[in-house]
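Okay, here's what each chain looks like letter by letter:
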Amino acid sequence: ATHKYILTEINDKVGIIRLNRPKALNALCNDLFTELNESLKDLDSNDQIGAIVLTGSDRAFAAGADIKEMQDKNMVESYTRELLGHWTEQILKLKKPLIAAVNGYALGGGCELAMMCDIIYAGEKAVFGQPEINLGTIPGAGGTQRLVRAVGKSKAMEMILTGTVNLSAQEACSAGLVSGVYPVDKVLEKAIETAKIISSKGLPSVMMAKEAVNTSFELPLSSGLQFERRLFQTTFGTKDQKEGMSAFAEKRKPKFTNE
Ligand code: HXC
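Criteria and cut-off values
Numbering of residues starts from 1 in each chain and follows the order in which that chain's sequence is written. At least 70 in pLDDT is required for a residue's local features to be given in this predicted model, at least 80 for side-chain atom pairs to be given and counted, and no such filter applies to totals for whole chains, interfaces and linings, which use all residues. Values shown for side chains rest on all heavy atoms present in the structure; no hydrogens or waters enter the calculation. We define a salt bridge as a side-chain nitrogen of Lys or Arg found within 4 Å of a carboxyl oxygen belonging to Asp or Glu. Numbering of helices and strands runs from the N terminus, with a helix taken as a DSSP run of H or I at least four residues long and a strand as a DSSP run of E at least two residues long. Throughout this description, buried means an accessible area under 20% of the type-specific maximum (1.4 Å probe, protein chains only), exposed means over 50%, and partly exposed covers the range between. Throughout, near means a residue has at least one heavy atom within 4 Å of the molecule or strand. We define a polar contact as two N or O atoms separated by no more than 3.5 Å, with the added condition that, inside protein, one atom must be a possible hydrogen donor and the other a possible acceptor, whereas residues neighbouring each other in sequence contribute only through side-chain atom pairs. All accessible-area figures derive from a Shrake-Rupley calculation using a 1.4 Å probe, and residue coverage is judged against the displayed protein chains alone. In this classification, the charged set is Asp, Glu, Lys and Arg, the nonpolar set is Ala, Val, Leu, Ile, Met, Phe, Trp, Tyr, Cys and Pro, and all remaining amino acids, among them Gly, are polar.

**Comments concerning the pattern of salt bridges**
Argument step 1. Applying the stated criterion across every chain yields a total of 8 salt bridges.
Argument step 2. Between Glu-158 and Lys-155 there is a salt bridge whose closest N-O contact spans 3.1 Å. Here Glu-158 pairs with Lys-155, and both are found in helix 7 (residues 153-162), just 3 residues apart, close to one helical turn.
Argument step 3. On the basis of relative accessibility, which here comes to 35%, the residue Glu-158 falls in the partly exposed class.

Here it is in structure tokens:
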């Protein structure tokens with residue numbers, strides 16, 4: 001499909017999606033998100049793909065939800081039509097890993113979109129912030145929930161309540177929000193490299209590992225540990241586990257077949 005607001009590419013076993021609405025700093029309008037959801041769904045169900053990378057431009061990963069599109073909405077239609085509900089329709093269902101390569105602004109919904117990804121890499125000039133309070137509203141796609149878990153309460157409160165305290169790439173890295181900081185022209189490369197490493201593993205175990213980590217946010221520890229152990233035991237039903245362990249014993253590289 002040809003898209004207006006995103007560019008897609010397949011590199012080896014990695015699907016790459018680039019947000020491409022430069023005039024509005026990748027503000028996440030409805031149509032952009034619809035295209036993003038479609039493309040994520042296609043890549044997630046494509047057997048040739050092992051991981052997905054999401055990026056923006058050097059200037060902006062995304063400067064947030066589209067303010068001009070939202071400004072005249074009223075409360076009743078926002079509530080009854082679940083304003084921006086479709087943001088999480090696809091992303092949270094993805095079974096394959098989604099890696100964000102963030103350059104420039106990741107503000108508001110842009111920061112929230114990055115936080116919906118499984119791994120975030122940041123370019124040196126990346127800026128993470130939740131400025132919604134300046135617009136008379138609050139974060140609506142996970143900012144008050146995921147940011148707290150990523151950087152702790154005091155920093156999250158400071159960012160969300162002031163709308164002016166942002167995190168630099170380095171600060172985001174020290175706080176644990178992102179995995180690493182790279183030169184602007186290297187961050188996408190790094191994300192693709194990681195996606196390729198992940199794609200070389202057995203897909204069922206990659207998916208189970210992702211599911212188990214995400215479940216840690218939902219369950220009390222004892223239930224999470226039990227869920228993890230059940231999935232661990234389930235991997236023994238795969239050929240990949242037999243292959244992985246015999247390759248180790250035979251001192252050779254494993255060749256996973258996703259079975
Ligand atoms: C619509 C936006 C936009 C946005 C930028 N633009 N951000 N349009 N929605 N979120 C547009 C500008 O209007 C402008 O269009 C063009 O992009 C370039 O932006 P400038 O402001 O001229 O660039 P600059 O001076 O470099 O400032 C960059 C910026 C600033 C600091 C990022 O654009 C900014 O503050 N943007 C808004 C950030 C924000 O508040 N995000 C949170 C949104 S609310 P024109 O036509 O004038 O050239 C949100 C809620 C999420 O995300 C809820 C999820 C459920």
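From this point on, the discussion continues.
**A few points about the site of the ligand**
Argument step 1. Around the ligand, the structure places 24 residues, and the nearest of them are Arg-59, Ala-63, Ala-65, Lys-68 and Gly-109.
Argument step 2. Here Ala-65 contributes a backbone N or O atom positioned 2.8 Å from an oxygen atom of the ligand.
Argument step 3. When isolated, the ligand has an accessible area of 1000 Å², and the protein chains bury 65% of it.
Argument step 4. When residues of the shell around the ligand are traced back to their parent elements, those giving at least two are helix 2 (67-70), strand 6 (105-107) and helix 5 (109-116).
Argument step 5. For the shell around the ligand, the element with the highest residue contribution is helix 2, accounting for 3 residues.
Argument step 6. Its residues assigned to classes, the shell around the ligand shows 14 nonpolar, 4 polar and 6 charged.

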